[in-house]
Amino acid sequence: MSDTRELVGWAKAAATHPRLCAGIAPVLIILLILGIASATAFAESKLAHPAWREHAIKAPGKEYPLQEIVSGLWFRTPETQAIQEDDFNNPGFFGVEEGEALWSKPEGAAGKSCASCHQDAAASMKGVGAVTPKWSDKLNKPVNLEQQINICRSEHMGAQPWAFGSNELTAMTTYVRFQSRGMPVALRVDGPMSPWLARGKALYYTRVGQLDLACASCHEKNHGKYLRADFLSQGQTNGFPVYRLRDQRLVPLHERIEGCVFDVRGTPYPPLSDDAVALELYLAWRGTGLPVETPAVRN
Amino acid sequence: MVRKWNRREALAAGAASAGLLTTGLGAAPARAANDYAEQIKAFTGGKEPVEARVKLELPELAENGNTVPLAVSVDIPAIPNSSQSYVEEILVVAPANPNSRVLRFRFSADSVPEAATRIRLAESQNVIAVARMSDGRFFSATRPIKVTIGGCGG
Amino acid sequence: MADAKPRIRLDRKEVRKGEAVEVKTLVSHVMETGLRHAADGRLIPRMIINRFTCELDGTFVFGCDLESAVSANPYFAFKFRPQRSGTLAFTWIDDEGTRIEATETVKVT
């Protein structure tokens, strides 16, 4: 950086030198110096792009918009990946531990805990986090993991539902989804789910906000490129709730989507609303086959 | 100003604005440095540390400024069971953070002189680590790192 | 979640004299910097862990004086050569003087 200052100093000296001012030489000198300065400034950047393509899995069919599906993990720096690969080092596991403690804690009028009905979570919850959102005949709509946890609390425990974004709900969602870690995402999207999948798809491709961007604008069309200093991923959801380096805590999916929509200066979909769940359904479907990575580590 | 510039004034103005443009391309910190130089002076008692022996590891580009992995080590030949000089403390300062001090590692004679953690950096800057040896010598290392806000500000 | 147990991992719990043990620690703490504003505009006061120490049967091994520039959920990795078997005591102290404590044993043959 001090080189550019020196070059500019020379440029100034050249521009005011009485002899040199006599011709067009000063202009040429300035242009030459500018060129060298620009070249050195950009040549300094030797940032390695993450080798995300190597980790692609094939989409299960032609109808999937992305034929090469890649988890968000591979778009992050090696340092970030290292935090996720080490369960000890991954602060997201504090949430798993909190969820585990809450699992056995009796709450509500019925005096039950999750364990009262579901016993050992490792057995009873295995696979659950790979197939949500799931269709509910009773409610005639898809239901995601947070909603299901609260349905259990209010209907079977007589307990107050946890607020979205609360430590408890995020921790329990993380704990339950963690039981499916490593299992491939595989949702049922046929039958009554079809219109909801279509609704999510419409939301994904519709441009919103002052910046007039759709999810697809960045995550489908431009993943694998830098948006300022952000290396864009495919926007997959297999790792949620994720430990975000920015927030230094676990962040549930609907909060992350809120952030994206806010960033394009649009009106965010309220967490756990029909729109948010439809979008979650569609996003999860786009990542069919990806391993559940909860609690993942992302930027 | 209505008077036309003469050639010398025009060229000087052109060079000056070019200067502003080119320095903008570099990694200059946006705000004035904090008291990091005083912190280092207080740590070393005014002595100038020798820029050697200390290895400061930081990513080239921070994934996010709120959680940046940092590792620091000092290269001294290890002679077991000897009373040779060992690393007592390592001070880490961030010249472009709101507060200059980041942390101070403290070691014992039984320590291997290395440690790692995760820190917060407000913006692109040159992070500095200064090590104090038990025999009173000071060594340091400086490492540049780029820190920016993500794509949409998210 | 400050109630969570601190995590401690030794790469080896039994070593010969002269060999190094690598210790990793992770504690749950928000490390509130004192620079953030709440929704109503008021400054959220600083609340951080400001000191971490590791001692072997009362003898100082390694420590860190932390400022608010250490990330939330502070992580430390360090190495030392234990002179004798004993109990490692880990202590984290915050701005209010609250202590979080944990222990691990190490054996030297």
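### Details of the overall build of chain B
Logical step 1: Secondary structure summary: chain B contains two helices and seven strands in total.
Logical step 2: Reading chain B from its N terminus to its C terminus gives the helix and strand order α-α-β-β-β-β-β-β-β.
Logical step 3: The proportion of buried residues among the 154 residues of chain B is 42%.
Logical step 4: For chain B, the share of sequence-separated contacts (at least 6 apart) that also reach a separation of at least 24 residues comes to 67%.

### Quick notes on the sheet that holds strand S8 (residues 249-251) of chain A
All names here are of chain A.
Logical step 1: Read across the open sheet, the three strands follow the order S8-S7-S9; overall the sheet is mixed. Strands with a single pairing partner mark the edges of an open sheet, and in this sheet they are S8 and strand S9 (297-298).
Logical step 2: The sheet contact formed by strand S7 (residues 242-244) and S8 spans three bridges and is antiparallel. Pairing of Tyr243 across the sheet is with Leu250, part of S8.

### As for the interface of chain A and chain C
Logical step 1: Every contact between the two is made by eight residues of chain A and, on the other side, 11 residues of chain C.
Logical step 2: The dominant element in the side of chain A that touches chain C, judged by the number of residues it contributes, is helix H4 (residues 92-103) of chain A, at three residues.
Logical step 3: Of the residues contributing to the side of chain A that touches chain C, the split by class is three nonpolar, three polar and two charged.

### Focus: helix H2 (residues 36-44) of chain B
Residues and elements named next belong to chain B.
Logical step 1: By the burial criterion, the buried members of H2 are Tyr36, Gln39, Ile40 and Phe43. All buried residues of H2 fall inside an arc of 95 degrees around its axis, so they share one side. Those residues of H2 that are exposed and angled more than 90 degrees off the buried face are Glu38 and Ala42.
Logical step 2: Looking at the buried side of H2, the elements it contacts are strand S3 (87-93), strand S4 (101-107) and strand S6 (125-133).
Logical step 3: Gly45 sits one or two residues past H2 and shows a positive phi near 65 degrees.

### Some details on the pairing of S4(B)
Residues and elements named next belong to chain B.
Logical step 1: Across the seven residues of S4, seven count as buried, placing the element largely inside the fold.
Logical step 2: Pairing of S3 with S4 involves five bridges; the strand directions are antiparallel. Each bridged residue has a counterpart across the sheet, and for Val93 the counterpart in S4 is Arg101.

### Regarding the nonpolar core
Logical step 1: Counting 59 residues, the largest nonpolar core has Ile90(B), Val92(B) and Ala129(B) as its most contacted members.
Logical step 2: Every residue in contact with Val92(B), bar those within four places of it in the chain, is listed here: Val72(B), Val102(B), Leu103(B), Val127(B) and Ala129(B).
Logical step 3: With 38 residues, the next largest nonpolar core counts Trp52(A), Leu73(A), Leu253(A) and Leu283(A) among its residues.

### Focus: the sheet that holds strand S7 (residues 138-145) of chain B
Logical step 1: On the basis of which strands lie adjacent, the open sheet formed by nine strands has the order S7(B)-S6(B)-S3(B)-S4(B)-S5(C)-S4(C)-S7(C)-S8(C)-S2(C) and mixed pairing. One side of each edge strand has no neighbouring strand; the edge strands of this open sheet are S7 of chain B together with strand S2 (14-15) of chain C.
Logical step 2: Alignment of strand S7 (residues 86-94) of chain C against strand S8 (residues 99-108) of chain C, held across eight bridges, turns out to be antiparallel. Bridge pairing in S8(C) links Ala89(C) to Thr103(C).
Logical step 3: Each of S3, S4, S6 and S7 of chain B is contacted by H2(B), which is oriented at about 10 degrees to S6(B), the strand it contacts most.

### Let's talk about helix H11 (residues 253-263) of chain A
Residue and element names in this part refer to chain A.
Logical step 1: Leu253, His254, Ile257, Cys260 and Val261 are the residues of H11 that are buried. Buried residues of H11, viewed axially, fall in a sector of 115 degrees; they line one side.
Logical step 2: Residues of H11 that are buried sit in contact with helix H12 (274-286).
Logical step 3: Arg265 lies just past H11 and shows a positive phi near 60 degrees.

### Side note on the packing of H4(A) against helix H8 (residues 167-178) of chain A
Residue and element names in this part refer to chain A.
Logical step 1: Between H4 and H8, whose axes approach to 7 Å, the crossing angle comes to 95 degrees. With respect to their mutual orientation, H4 and H8 come out roughly perpendicular. The segment H4 lies against H8, with Gly92, Gly95, Val96, Glu98, Gly99, Glu100, Leu102 and Trp103 engaging Asn167, Glu168, Thr170, Ala171, Met172, Thr174, Tyr175 and Phe178.
Logical step 2: Of the residues in the contact of H4 with H8, the class split is seven nonpolar, six polar and three charged.

### Let's talk about the environment of Thr44(B)
All names here are of chain B.
Logical step 1: One can find Thr44 in helix H2.
Logical step 2: Among the residues examined, Thr44 registers 17 C-beta atoms within 10 Å and is labelled partly exposed.
Logical step 3: Along the sequence, Thr44 and Ala115 sit 71 residues apart, while their C-alpha atoms lie 20 Å from each other.
Logical step 4: If we skip the residues at most four places from it in the chain, Thr44 touches Pro49, Val130 and Phe138.

### Focus on the packing of helix H7 (residues 145-157) of chain A against H8(A)
All names here are of chain A.
Logical step 1: Put simply, H7 and H8 touch, their axes get as near as 10 Å, and they point 105 degrees apart. Our classification of the angle between H7 and H8 gives roughly perpendicular. From H7, Leu145, Glu146 and Ile149 reach across to H8, where they touch Leu169, Met172, Thr173, Val176 and Arg177.

### Some remarks on the environment of Ser100(B)
All names here are of chain B.
Logical step 1: Inspection of the secondary structure puts Ser100 in the loop between S3 and S4.
Logical step 2: Here Ser100 falls in the buried class, since 22 other C-beta atoms lie within 10 Å of it.
Logical step 3: Remark: the alpha-carbon pair of Ser100 and Ala115, spanning 15 residues in sequence, is separated by 20 Å.
Logical step 4: Apart from the residues lying within four places of it in its own chain, the contact partners of Ser100 are Asn34, Asp35, Tyr36, Gln39, Val93, Ala94 and Pro95.

Thresholds applied
- Residues numbered from 1 in each chain as written.
- Chains lettered and ligands numbered in written order.
- Predicted model: local features only at pLDDT ≥ 70, side-chain atom pairs only at ≥ 80, totals over all residues.
- Helix = DSSP H or I, 4+ residues; strand = E, 2+ residues; numbered from the N terminus.
- Buried ≥ 20, exposed ≤ 12 C-beta atoms within 10 Å, placed from the backbone.
- Contact = placed C-beta atoms within 7 Å.
- Pairing = 2+ DSSP bridges.
- Nonpolar A, V, L, I, M, F, W, Y, C, P; charged D, E, K, R; others polar.
- Arc of directions from axis to C-beta.
- Core = buried A, V, L, I, M, F, W, Y, C linked by C-beta atoms within 7 Å.
- Axes fitted to C-alpha atoms, helices over the stretch in contact; angles between N-to-C directions.
- Parallel < 35°, antiparallel > 145°, perpendicular 65-115°, else oblique.

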